[in-house]
Amino acid sequence: MNQSKNRERILTLCVAAMMTALVTAGNFARIVLPLSVGGVTAFTLGNIMCTLSGLLLGPWWGFAAAGLGSLLYDLTQGYYAHEAFITFFVKGVYGLVSGLVMYYGFVRLLKKERDNYLALLVSSLCAALAFLVIYSVKVYFYNGMLIEGFTTPVQCWALIVGKLPATLVNGALAVICAPVLSVAIRKALKEARLEEKLGG
């Protein structure tokens, strides 16, 4: 019994480490937009990996992998390093919400399979919407009021609107790609008889 539990923990830890690395790598795959106000705006593949972390690992490990991978990327970039710990929590929301909706909503409550595409899609969409809200709050108060020194709500809202296209595209990519990747990975895990040992 203890040996089985230890194997599950080791598997979870290994997949969490792999997802942390993939989140970091996904953040390097980016197109930076020429928008100099309120920080850098970019299209990135990192959000796909953040969402996938929650779908594979569940909410808590998913949050850790998504947040830590994003934090590590920020620390390697001089421009982002000062907000790395904010990024940890903001990007961690992707893993947390996708894992919560998938495992506590669909798997435990509705008894859906872990590779159910519709469940994975809805979980990814919920994560993208939650990130949109949290990121907008961060842009309003941190980027707008603290970094830029804006004093009126109109200025802060204009900053959010300026970043909205990239945020929406990044979220859409996560919603489209993360469920497909999750189904493919779950299939491989089933064939290796590891599927039930991983996740919330």
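Reading the values: the criteria
Note that residues are indexed from 1 along each chain, following the sequence as it is written. With pLDDT at 70 or above as the cut-off, local features in this predicted model cover only qualifying residues; side-chain atom pairs require 80 or more to be listed or tallied, and sums for whole chains, interfaces and linings still use all residues. Here the side-chain values reflect all heavy atoms present in the structure, with hydrogen atoms and water set aside. Secondary structure follows DSSP: runs of H or I at least 4 residues long count as helices, runs of E at least 2 residues long count as strands, and numbering of each begins at the N terminus. C-alpha atoms define the radius of gyration, and 2.2 Å times the number of residues to the power 0.38 defines the globule rule. Using a 1.4 Å probe on the protein chains alone, a residue whose accessible area is under 20% of its type maximum counts as buried, one over 50% counts as exposed, and one in between counts as partly exposed. Residues are treated as being in contact if the distance between any of their heavy atoms lies within 4.5 Å. Residue-level accessible areas treat just the shown protein chains as cover; the underlying method is Shrake-Rupley with a 1.4 Å probe. Asp and Glu count as negative and Lys and Arg as positive, but His and the ends of the chain are not part of the count. By convention, the charge on Lys lies at NZ, on Arg at CZ, on Asp at CG and on Glu at CD. Whenever Lys or Arg places a side-chain nitrogen within 4 Å of a carboxyl oxygen from Asp or Glu, that contact is recorded as a salt bridge. What counts as an axis is a line fitted to C-alpha atoms, over the stretch in contact for a helix, and the angles between N-to-C directions run from 0 to 180 degrees. Oblique is the label for any angle not under 35 degrees, not over 145, and not in the 65 to 115 range, which are roughly parallel, roughly antiparallel and roughly perpendicular in turn. Whether a crossing is left-handed or right-handed is set by the direction in which the near helix is turned from the far one by less than a right angle, anticlockwise for left-handed and clockwise for right-handed. Here the expected span of a helix is defined as 1.5 Å times the quantity of residues minus one. To get the bend at any residue, fit one axis to the seven residues that end at it and another to the seven that begin at it, then take the angle between the two axes.

Q: Describe in detail the overall build of the chain, supporting the description with residues and values.
A: For the chain, the count of helices and strands is six helices and two strands. In summary, the chain has a C-alpha radius of gyration of 17 Å against a globular reference of 16 Å for 200 residues, a match within 12%. The principal-axis extents of the C-alpha atoms in the chain amount to approximately 60 × 30 × 25 Å. The buried share of the chain, reckoned over its 200 residues, is 46%. A fraction of 74% describes how many contacts in the chain between residues 6 or more apart in sequence connect residues 24 or more apart. Accessible area of the chain: about 10,100 Å², with a carbon and sulfur share of 72%. Counting 16 positive and 9 negative side-chain charges, the chain places the centres of these two groups 5 Å from one another.

Q: Mind laying out the pattern of salt bridges, listing which residues take part and the relevant values?
A: Applying the stated rule across the entire model yields two salt bridges. The salt bridge partner of Lys138 is Glu83, with a shortest N-O separation of 2.9 Å. Of this pair, Lys138 sits in helix H5 (residues 117-147) while Glu83 sits in the loop between helix H3 (59-76) and helix H4 (84-107), placing them 55 residues apart in sequence. As a salt-bridge pair, Lys190 and Asp115 come within 3.0 Å of each other at their nearest N and O atoms. Pair noted here: Lys190 is in helix H6 (residues 153-191) and Asp115 is in the loop between H4 and H5, with a separation of 75 residues, a long-range link. Using a relative accessible area of 40% as the deciding quantity, one classes Lys190 as partly exposed.

Q: Help me get a handle on the packing of helix H1 (residues 2-28) against H3, residues and values and all.
A: Relative to each other, H1 and H3 sit at 40°, their axes nearing to 8 Å. Of the possible angle classes, the one that applies to H1 and H3 is oblique. By crossing handedness, the relation of H1 to H3 is classed as right-handed. Together, Thr12, Leu13, Ala16, Met19, Thr20, Val23, Thr24, Asn27 and Phe28 of H1 and Trp61, Ala65, Ala66, Leu68, Gly69, Ser70, Leu72, Tyr73 and Thr76 of H3 make up the contact between the two elements.

Q: Could you give me a rundown of helix H2 (residues 46-57), with the residues and numbers involved?
A: Taking 1.5 Å of rise per residue, twelve residues should cover 16 Å, and H2 covers 16 Å from first to last C-alpha, within 8% of that figure. In terms of residue burial, H2 counts as a mostly covered element, since twelve of its twelve residues are buried. Within H2, burial applies to Gly46, Asn47, Ile48, Met49, Cys50, Thr51, Leu52, Ser53, Gly54, Leu55, Leu56 and Leu57. The positive-phi residue at the C-terminal boundary of H2 is Gly58, with phi of around 90°.

Q: Provide a residue-level description of H6, including the pertinent values.
A: Taking 1.5 Å per residue, 39 residues should reach 57 Å; H6 reaches 54 Å between its end C-alpha atoms and fits that length. Its maximal kink placed at Leu164, H6 deviates by approximately 45°, while the proline Pro165 follows within four residues. Following H6 by one or two positions, Arg193 adopts a phi angle in the positive range, close to 60°.

So far we have only geometry, and geometry alone does not tell us how the molecule works.
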